[in-house]
Structure formats: C-alpha cells, structure tokens
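Fold and contact review
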Amino acid sequence: MGAILKEIGLDATLQNERLEAIAAQQQKPELPVFFVVPTAYWRKQARVKNQHISTHTFEGFARTLLALAQKRYEEISQADGLLLTMNALMRAEVAEDARAARTISETYRQLKRLGIPREQLPASLQSFSASFTLMEEMEAKRVVPLLTNDDLLPAATSALKEGMMPQVGHVYLEGFVDLTTPELALLDALKESGVYCLPESEGSSYLLESGFEKRALREHAEHRATEQRLTQATTEDEEWRGVIDGILTKINEGNNAERIGVLVATKQRVASFIERLEREGIRVADVSSTRMQESGIFVWLTSRLSTPFLDQEARLLLTDQLFQIAGVSGKTYVKAKQRLIQTGKSGIEALDSLVEAAGEQEAAREESLGKRIARLRCLLDSLLDSEIWPHDDEFSPRAQEKIAGQLLREKLTSEEARVKKLSLGEQTVSLDVFLQWLQAMFGSLSLSDASEEGVQLLTWSDVGAFSGEALFVVGLNAAVFPQSYSFQGYVTEHDLKNMPLPGLPTKESVRRAQKLQYQLLPFVCDFLHISYICGVDQETPLQASPFLDGVALSEIWSFAGRMEREGISRSNERDKEAYVARHQDSSGDKWLDLYKRRLKRLDSGEEPLSKAQSDALKERQHASVTELEAYARCPFRYGLERVLEVREPAKEEEDLSPLLIGTLVHDLIEWLYKEIGAVGLPFAELSNETKDKVPDMLLEEWERRFQEEIEPLTPSLNRVELERTKERWSKRLLEWWDAERLRFWDNPNLREAMIQGLEVPVSTTISLHEGRSLFLVGKLDRVDTYAGELTLYDYKTGRAGIRMQEVEQGLKLQLPLYSYMVREAEGKAIAGTSYISLLEAKKRAGNGIWRDEHVGKGSAYGVSSHCQNREDELGEEAFMEKWQLHERIKTLWNGMTTKFPVAPLDCRDSCPHASICRVTEKMKGVGADEI
C-alpha cells in the first residue's frame with residue numbers, strides 16, 4: 001500500500017467517529033496500527049473520548065518501533081546526556097570551564113533536536129566540529145547505545161532504513177501544525193507503511209513532494225464559539241485579576257472547573273498564575289505547585305555542595321536554613337541565632353550535629369558520579385534520621401519538608417542503582433557538573449500529587465485537544481505570540497538559512513504554524529476570552545499581537561476601572577477598601593494626609609541636592625573611574641557612603657572583609673612579579689627554575705603577610721575559621737599561578753611578550769558642558785606589551801565578567817576607559833583588556849574585550865571563540881563614540897553632583913543600608929537616568 005496523505009481541518013480534530021474507526025483497527029490481529037498525537041494532553045483527551053484507543057507521542061512511537069526492531073539501547077535523561085557530553089569536553093580540555101562545556105553540549109543537543117548532521121554544520125558553527133566529533137566518538141564507543149529523547153527518532157529512522165523493522169500497518173497523526181526535521185525523516189522512512197491523517201501542517205507539502213499521495217477531502221466541524229471577547233489590560237497585575245474574576249464568574253454560573261481552560265501565552269508567567277489561582281482557592285488540574293527545588297531540604301543540600309570549604313559564613317548559612325526546616329522560631333530562634341553568631345554553634349544539639357556531619361562530607365574536586373550520589377545520600381540520611389523532626393500534623397511545614405527529603409532519598413537510591421547499571425557511575429564529574437545534573441534531575445520533581453480536577457492549564461500544542469465551556473488566552477502580546485523558536489547553545493536562526501532540510505524552525509515557518517494555532521481558538525470552546533497588556537516596560541512598548549489586528553476591543557482593565565466595577569476575588573475586596581481610604585476627602589485627617597505624603601515620596605524615588613550642595617561638589621572637578629561605577633550601580637548608596645560618609649551599620653565580624661583580602665592579594669601579586677624580576681622580561685626568558693619556585697614563594701609570603709596584616713585586624717574572628725580562610729586562599733593563589741603559567745609564561749605564542757608595568761596610574765580629561773572639564777583618574781593592575789600592541793589586565797578576587805550592555809549603563813567602565821586612557825598616553829593599539837579572576841583563574845571568554853583578530857582558534861592570548869565582546873576600535877575615539885561613553889561620563893558626573901535618587905541599576909540584598917533605603921521592586925533596575 002502506498003502512503004496516502006489525508007488532511008483534516010484544525011477545527012475537526014479528535015472526532016468520535018474517526019477515533020472509533022482507529023480503535024477498531026487497533027483491535028484487529030493484523031499489522032500494528034498507531035495513533036500519534038503532539039502531547040500527553042492530547043493522549044489524555046483522546047482516551048477520554050474513546051477509552052479503547054491506544055495513543056503515542058512521537059517519542060513513544062519511536063520507542064515502540066525500536067522495540068519491534070529488537071534494537072538494544074538504554075534510555076537516559078536529558079540531564080544524563082548533558083553530563084556525558086560536558087564530561088567529554090572537559091576531560092579533553094576543549095572547554096575551559098563547566099559553563100562553556102554546557103553551552104557547547106547544548107549546541108550539540110540542539111543540532112540533534114533539529115536533525116542537522118555534523119556534515120551539514122553551518123559556517124558559524126564549524127569551529128565546534130572537533131568538539132562534536134569528540135562527543136559522537138564518545139557515544140559510538142558504547143556497545144549498548146545510550147539514547148535521550150532527542151536520539152529516539154533518529155535511531156528509529158535508522159532501524160527502518162537498515163531493514164531491521166517488521167512491517168507496520170497504518171499510522172495516523174492528528175493535531176500537528178508543524179513537524180520537525182527528525183519527525184519528517186521518520187515519516188519519510190515509513191511512507192510505504194500506510195495512511196497518514198494530518199491537519200494543514202507545515203510538513204504537508206514536504207510529504208507530498210517525497211511520495212505521499214493526497215486523496216481524501218478535508219473535514220470540517222460546524223462548532224464555533226458563540227461569544228468572543230478581547231480585553232486590554234494596563235498592567236500584568238490587572239490582567240491576572242481580570243482573568244481570575246472571569247474564571248470565578250464562570251464557576252459561579254455553574255460551570256465545572258474542568259470545562260474551563262487557560263492558555264498563558266508565555267511560559268515565564270505560568271508559575272505566577274498558578275500561585276494566584278491557589279490564593280483564590282481555585283484548583284489547577286494536573287499541576288503540582290510545589291517542586292523539589294523550592295523545598296528547604298533541597299536548598300540545604302545544594303548549599304552544602306556549593307560550598308567546598310565549611311567556613312564560618314557557610315556554617316551560619318547552613319544552620320540558619322536548618323532553623324527554617326526544623327521550624328525553630330520565636331524566642332528559641334532568637335537565642336539560638338545569638339549563640340550561633342557568638343560561638344559558631346546554635347546550642348541545639350541536633351542541628352549542630354548535622355552541621356558537623358555536613359562538614360565531614362568533603363567531596364574531592366574530581367569524583368565519580370556514583371560516589372557523589374552516595375555521598376549526597378549519606379548527607380541526606382543524616383538529616384532525615386536526626387532528631388529535628390517532631391511528630392507534627394502531616395500538613396505542617398516540617399512534615400512536608402520530611403516528605404520532600406524521603407522522596408529525594410528514594411529517587412537518589414534508584415538513581416544510584418541506575419547509573420551503576422549503565423556504567424555512568426564511573427564517570428568522573430566536577431562539582432559544577434554534578435550540581436547542574438542534580439538540579440536537572442530532581443529540581444522540578446513534584447512534591448505533591450497533582451489534582452485530576454480543576455481548571456485546565458494548556459499550552460499552544462495542547463489547545464487543539466481542548467473541548468470545554470470557556471477558554472481564557474492570557475498575555476497575547478506582540479513579541480510573545482507569534483515568537484521565534486527558542487534555540488539553545490550557540491545556534492541561531494541565521495545558521496538555518498539555505499540549509500536543505502525540511503522542518504527547520506525558521507521565522508516564516510514558525511509564524512505560519514502559530515497562525516494556525518491562533519485560528520483554532522474559536523473552535524474548541526463556547527466562550528473565548530483573549531487579553532493582552534498595553535503599556536510601556538523598561539525596554540519596549542507593549543502592544544497587541546499582530547494576529548489581533550481588526551479584532552474589536554471589548555473592555556479595558558485598569559485599576560481605577562476595577563475599583564468601579566464588581567469583582568468577586570478575595571484580593572479585589574481588600575484593594576477596594578484601601579482605594580476608598582486613599583481617595584476619600586482627607587481634610588482634617590492628619591494621619592491619612594501623612595500617609596499620602598509618604599506614598600508620594602516613596603513613588604518618586606527622587607533625592608535632589610540644593611544648589612549650594614551641588615556647587616560645592618562641582619568644585620572638585622576630578623573623579624575616579626570606580627566612583628562613576630559606584631554611582632551607576634546605586635546613586636543613593638553612593639551619596640551615603642562617598643558624599644555623606646555614612647559608615648556601614650556596626651556589626652560583629654563574622655568573616656574576613658573582602659576588601660582586606662583583595663588588598664592583600666593585589667599587593668602579593670605585585671610583590672611576586674617584582675621579586676622574580678618579571679617586569680620587562682620576555683615571558684620565554686623567565687627560567688623554569690624560577691617558575692618552579694613561585695608556589696613556595698607565594699605560600700611563604702602569603703603566610704607571613706596574613707599573620708602580620710590580617711590576624712591583628714580580626715581579633716573577634718574564630719581562629720579555626722580564620723585558618724580555613726587562609727588555607728582556602730592559599731589554594732586559590734596556587735591555582736592562579738598555574739593559570740598564569742599556562743596563559744603567559746609557558747605560552748609558546750607569547751614568547752616575546754612581557755609585562756610593561758604593574759599598578760600603572762592612568763588619567764584623561766573629559767570635556768563637560770559650559771567649558772568645564774573633568775579630570776578622570778584610575779589605576780591599572782597590569783599592562784603587557786607584545787608585537788607593538790598592549791594588553792591590559794585587572795585582577796579580581798571574586799568572579800568577574802563584562803557585557804557591553806553593562807558598559808553602556810556605566811556599571812563596567814574600568815576596562816574600556818583604561819584602554820582609552822592607555823591608548824591616549826602610549827599611542828599604541830590595544831589588543832585586548834580583561835579581568836583575571838582568582839576564583840576562575842583559567843577563564844578568558846566572558847571577562848574581557850578583545851579585537852576580533854585575537855579571538856578564536858589561533859589566538860595567541862588563548863581567548864576562545866565564545867568571547868562575545870569583540871571590538872576592533874578598542875581604546876580609540878571611535879570606540880568611545882560607538883558606546884557613547886563620553887555622554888555616559890557626563891551624565892554620571894552630572895548626577896554625582898546634583899541628585900542621589902533611590903534608583904539602583906544593581907540592587908543587592910546584602911546592601912548594608914537596606915534598613916534605611918526606601919527602594920521598591922518597581923525601582924530596582926531603573927537607574928538614575930529614568931527618575
């Protein structure tokens with residue numbers, strides 16, 4: 001039998017007569033008949049309409065085909081696949097750190113998901129060919145293949161082409177508006193097997209071209225929504241409130257919640273929606289709102305793993321988390337916390353024992369996956385078997401935490417056996433890779449059983465299978481729907497142009513498929529309500545989806561309008577009370593007047609200076625680059641600390657000041673390079689004997705300076721914790737020197753390069769308005785010279801990265817402005833400028849700005865092709881103009897001398913002035929320019 005393509009309309013899916021016919025075929029003892037649908041929701045709805053029908057998703061269909069072909073394989077999770085490929089890259093030293101390995105791995109998996117073979121790599125990804133070959137060879141070495149979801153369809157297709165598959169009967173597809181490249185390849189391999197029913201999908205034309213014969217007529221349904229409404233909301237909050245009121249109205253009218261569907265146009269808003277529904281007492285079907293990653297016990301375990309050294313700060317954090325898990329509160333909590341800060345122990349024996357046990361579980365830097373799982377399970381066992389669990393009600397927070405722990409222990413035990421069976425347990429994994437695997441495997445694990453009853457939460461792929469009373473489509477904004485396919489790794493849509501493969505998610509094909517999904521909406525319900533937000537966010541205006549062009553607007557949801565209309569949600573009633581209190585005539589009511597003035601001040605965020613104060617500040621006419629950055633981060637904090645000279649609130653020292661450590665480390669690096677005579681000496685001329693002596697020199701000098709310069713300044717710190725901090729930084733200094741040797745002193749490509757200067761003062765004059773000028777100064781940690789060009793480095797004791805958006809905002813000005821100052825003074829080209837982090841000493845991709853010729857394969861400086869900051873005019877006037885840095889400096893200087901608004905671009909929870917700051921969530925990330 002040849003392959004027949006039967007197209008059905010999107011408005012005629014899951015019809016009873018067709019389901020009965022397919023189910024009847026499946027009952028016959030002939031060749032197997034398959035019914036394939038897009039999602040698990042489609043499977044559920046098909047079974048609701050016909051309990052005898054057998055359904056598959058494409059992945060399930062591929063599994064069945066592989067079983068028929070008697071193909072041996074072991075199925076692994078996406079997290080397992082990611083772990084294997086990351087490990088292969090890191091062992092081969094193709095990736096410099098776990099993050100880079102993950103991005104390359106995700107690029108590889110994305111290409112597999114799209115069905116793009118390595119032989120057809122786009123030009124922009126050719127540089128990763130060796131990495132992809134490495135991963136393919138790693139997979140090919142296994143006697144029994146390990147397959148993820150991405151691998152199932154290609155494996156089934158290969159089995160079909162190799163003739164390993166017995167004959168298959170009819171295969172029916174329903175509900176697809178588009179088909180991926182691997183799906184089309186599988187259908188192409190199956191085209192002699194029977195009849196295919198498809199809606200007007202993106203893959204239809206390709207199937208016709210590849211030998212399918214179109215015979216049957218389209219089928220249509222007559223049903224259409226009797227009422228359709230389009231609503232515009234002024235804010236996201238107003239949209240949620242309006243939708244919830246609409247759902248409650250439908251329920252109060254007698255509709256079952258199961259007959260109400262909600263389609264949230266963007267995934268990012270789903271969690272917020274579920275939380276709001278639960279607050280109103282509305283159930284959501286098939287959704288468990290509580291995830292493992294949100295449990296205190298999972299957070300406690302990952303916090304311990306994330307902290308290689310259990311210093312005083314880590315002990316405080318772990319014990320504080322245990323307070324919450326164990327339900328320690330009230331006076332008991334206050335006293336225990338006080339003892340904890342003073343002595344390092346809470347005085348609650350069970351909690352202190354757990355922290356001690358956690359300290360003994362010190363994992364190696366490189367350890368097998370099996371051992372890491374076993375170590376984590378032991379740590380979890382000690383927590384679950386401790387005496388912190390009272391006999392609480394089963395619904396109490398503590399009981400729920402224990403349930404989460406028991407579920408995690410059960411899953412860890414089964415995972416331990418599974419990875420051992422697959423020989424994955426022998427894989428050596430770094431701590432970073434293990435943490436990512438742990439989060440991917442268990443983070444989204446549901447802690448409570450999902451209710452089968454309640455409002456139906458749908459995706460765009462699900463909606464064709466919905467059949468109910470009312471459908472609410474939320475957030476149908478431009479740039480939300482239609483939207484481009486979300487690629488992973490380094491893959492972009494540009495890479496897909498001119499590729500001879502059907503089913504690739506180009507902008508045009510994705511838009512056509514999404515248009516079909518939109519056109520389907522009126523055919524799945526009686527009442528259709530679509531809403532979108534109209535307003536302005538920080539980046540772009542919010543507009544309706546172009547699919548809504550020509551649709552008449554029914555209503556506008558706003559706060560004032562909501563106060564005038566009837567609303568039935570609980571939160572709406574509370575808002576009305578507050579609204580009436582705020583807007584009633586308050587003359588003579590001094591307290592209400594006072595509240596209004598305070599609210600107005602809070603809303604404005606402004607903090608202007610008087611003319612006299614401003615003039616006094618402008619008289620200085622000089623500033624450092626770090627001052628500009630501090631003002632850009634938070635004008636209010638800058639004003640407190642640098643102008644009013646407000647000191648941080650006094651508190652008992654719990655750990656070493658980062659400033660003390662930073663100063664000492666910088667001094668030590670400068671001392672070392674001068675001590676060994678490295679300044680002005682070509683890298684190749686520094687003898688191996690000298691380089692081999694450096695570790696001992698570093699440790700000896702670090703020990704001496706720590707004892708003389710740090711310990712006398714920290715008399716209140718615990719001696720044990722102080723010693724651990726010293727040891728931790730000893731290791732980091734040795735790792736830093738290993739990286740310095742690799743990147744500079746042993747680098748065959750930089751033999752003639754040399755350090756030109758250390759702690760180099762730099763300056764420039766910036767013209768201001770009205771003939772004024774600003775003298776800008778700074779100090780550069782290190783300047784290197786090579787082949788007539790200069791490279792600039794700035795050492796950081798914490799993590800360090802830079803994005804050009806941060807440069808534009810003024811948050812990261814040191815590297816670009818120092819480049820400009822050095823170029824201006826020296827007259828030499830700047831090859832690149834980079835931070836060197838002592839926490840990530842080998843990293844060179846995202847922490848600098850480089851000329852394009854020095855990035856990628858063959859880079860003398862070892863800058864990988866992952867570097868996004870490529871600027872050929874670095875240090876030149878054209879670079880300053882491109883990123884408008886002169887104007888940014890002027891704007892920041894004007895703000896530094898006129899206003900200190902509460903408008904932080906970088907607002908941190910650890911800010912010491914949080915108790916007196918009136919910042920709101922709305923103001924965070926705004927910046928002084930927006931006030």
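Criteria and cut-off values
- Within any chain, residue numbers begin from 1 and follow the written order of that chain's sequence.
- This being a predicted model, a pLDDT of at least 70 is required before a residue's local features are given, and a value of 80 or more before pairs of side-chain atoms are given or counted; all residues contribute to the totals for chains, interfaces and linings.
- Heavy atoms throughout the structure, all of them, feed into the side-chain values; hydrogens and water do not.
- Note on conventions: DSSP H or I runs of at least 4 residues are helices, E runs of at least 2 residues are strands, and numbering of each starts at the N terminus.
- Under the scheme applied here, a residue whose accessible area is under 20% of the maximum for its type counts as buried, over 50% as exposed, and between as partly exposed, the area being computed with a 1.4 Å probe on protein chains only.
- Note on contacts: a residue pair is in contact if any heavy atoms of the two residues lie within 4.5 Å.
- Two strands form a pair only when DSSP identifies at least two bridges running between them.
- Salt bridge, as used here, is a side-chain nitrogen of Lys or Arg placed within 4 Å of a carboxyl oxygen of Asp or Glu.
- The way it works is a 1 Å grid over only the protein atoms, where trapped points that fit a 1.4 Å probe form a cavity and open points with protein on both sides within 12 Å along at least five of seven lines form a pocket, and then any residue with an atom within 4 Å of a point lines it.
- Grid points are joined across faces, edges and corners, and a volume is the space filled by probe spheres set on the points.
- Only Asp, Glu, Lys and Arg are considered charged in this grouping, and only Ala, Val, Leu, Ile, Met, Phe, Trp, Tyr, Cys and Pro are considered nonpolar; every other residue, Gly among them, is considered polar.
- Polar contact criterion, stated in full: a pair of N or O atoms within 3.5 Å, where within protein one must be able to donate a hydrogen and the other to accept it, and residues adjacent in sequence count only if both atoms are side-chain atoms.
- Lines fitted to C-alpha atoms define the axes, with helix axes restricted to the stretch in contact, and inter-axis angles between N-to-C directions lie between 0 and 180 degrees.
- Angles below 35 degrees are treated as roughly parallel, those above 145 as roughly antiparallel, those between 65 and 115 as roughly perpendicular, and all remaining angles as oblique.
- In this scheme, a crossing is called left-handed if the near helix is turned counterclockwise away from the far one by less than a right angle; it is called right-handed if the turn is clockwise.
- Two rings from Phe, Tyr or Trp (for Trp, the six-membered ring) form a pair when their centres sit within 6.5 Å of each other. Planes less than 30 degrees apart are called stacked, planes more than 60 degrees apart edge-to-face, and all others tilted.
- Throughout this description, the term charge over a ring refers to an Arg CZ or Lys NZ atom that lies within 6 Å of the ring centre and within 35 degrees of the ring normal.

1. Structural notes on the overall build of the protein
In terms of helices and strands, the protein carries 32 helices and 23 strands. With 931 residues in all, the protein has 49% of them scored as buried. Across the protein, the fraction of contacts at a sequence separation of at least 24, relative to all contacts at a separation of at least 6, is 76%.

2. Topic: the pairing of strand β9 (residues 260-264)
Most of β9 is tucked away: five of the five residues are buried. With five bridges joining them, β9 and strand β13 (residues 468-474) adopt parallel strand pairing. Its bridge partner lying in β13, I260 is registered against A470. The pairing of β9 with strand β12 (residues 456-458) spans three bridges and is parallel. Paired with G261 across the strands is Q456, a residue of β12.

3. A word on the sheet that holds strand β6 (residues 195-198)
Sheet strands pair by backbone hydrogen bonding; their relative direction is either parallel or antiparallel. Taken in spatial order, the three strands of this open sheet run β6-β1-β7, and their pairing is parallel. Each of the sheet's edge strands pairs with one partner strand only, and the pair in question is β6 and β7 (213-214).

4. Structural notes on helix α3 (residues 58-68)
Residues F58, G60, F61, A62, L65 and L66 constitute the buried set of α3. Remark: Q70 follows α3 within two positions and exhibits a positive phi of approximately 55°.

5. So, the pattern of salt bridges
When the charged atoms of two side chains with opposite charge come close together, those side chains can pair. Overall, the coordinates contain 54 salt bridges when judged by the stated rule. Of the charged contacts, one joins D692 and R741 as a salt bridge, the two residues approaching to 3.0 Å between their closest N and O atoms. You can see D692 sitting in helix α27 (residues 688-710) and its partner R741 sitting in helix α28 (residues 719-745), a full 49 residues away along the chain. Of the charged contacts, one joins K796 and D794 as a salt bridge, the two residues approaching to 3.2 Å between their closest N and O atoms. Overall, D794 belongs to the buried group, its relative accessible area being 3%.

6. Quick word on empty space enclosed by the protein
This structure, assessed with the given rule, holds five cavities of 30 Å³ or more. Roughly 100 Å³ of internal volume is contained in the largest cavity. Every residue lining the largest cavity is listed: I76, G81, L84, T85, R109, M138, E139, R142, P145, L146, T148 and D151. Those elements giving two or more residues to the lining of the largest cavity turn out to be α4 (78-91) and α6 (129-140). Here the lining of the largest cavity takes three residues from α4, the largest share from any one element. Taken together, the residues of the lining of the largest cavity sort by class into five nonpolar, three polar and four charged.

7. A word on the side chain of S386
For S386, the location among the structural elements is in the loop between α16 (369-384) and α17 (397-421). For S386, a relative accessible area of 17% translates into the label buried. In terms of polar contacts, S386 uses its side chain to reach the backbone carbonyl oxygen of L383, at 2.8 Å.

8. Details of the sheet that holds strand β14 (residues 525-533)
One open sheet holds the six strands; their spatial order is β12-β9-β13-β14-β8-β17, and the pairing between them is parallel. For this open sheet the edge positions go to β12 and β17 (555-557), each flanked by a neighbour on one side alone. Taking the axes of each pair of neighbouring strands and ignoring which way they run, one obtains an average angle of 20° across the sheet.

9. Some remarks on the packing of α4 against helix α5 (residues 98-114)
Between α4 and α5, whose axes approach to 9 Å, the crossing angle comes to 120°. When the axis of α4 is compared with that of α5, the two are oblique. The handedness of the crossing between α4 and α5 comes out as right-handed. Counting all contacts with α4, which are made through Q78, L82, T85, M86, L89 and M90, the residues of α5 involved are A98, A101, R102, I104, S105, E106, Y108 and R109. Among the residues forming the contact of α4 with α5, the class breakdown is eight nonpolar, three polar and three charged.

10. What about the packing of helix α26 (residues 658-675) against α27?
At a minimum axis separation of 10 Å, α26 and α27 run at an interaxial angle of 140°. As far as their axial angle goes, α27 and α26 are oblique. In this structure, α26 crosses over α27, and the sense of that crossing is right-handed. Touching L660, I661, L664, V665, D667, L668, W671, L672 and E675 of α26 are V694, M697, L698, E701, W702, R705, F706, E709 and I710, all from α27.

11. What to know about the environment of G81
Residue position: G81 is located in helix α4. Judged by relative accessible area, which is 4%, G81 ranks as buried. When the C-alpha positions of G81 and L147 are compared, they lie 8.0 Å apart, and in sequence the two are 66 residues distant. Here G81 is in contact with I76 and T148, once residues within four sequence places are set aside.

12. Here's the deal with the side chain of S730
As for its placement among the helices and strands, S730 is situated in helix α28. Residue contacts for S730: discarding those within four places in its chain leaves L699 and W702.

13. A look at the packing of aromatic side chains
What the rule picks out here adds up to 27 aromatic pairs. Judged by centre distance (4.9 Å) and plane angle (25°), the rings of W240 and F273 are stacked. A residue pair is termed long-range when its members are at least 10 positions apart, and W240 in helix α10 (residues 236-252) and F273 in helix α11 (residues 270-279) qualify at 33 residues. Considered together, W240 and F273 belong to a single accessibility category, that of buried residues. Ring pairs connect the aromatic residues Y673, F683, W736, W737, F744, W745, Y793 and Y795, which therefore count as one cluster. For the cation-ring pair, R269 lies above W240, with the distance from its terminal atom to the ring centre recorded as 4.4 Å. Directly above the aromatic system of W729 lies the positively charged group of R732, at a separation of 4.7 Å from the ring centroid.

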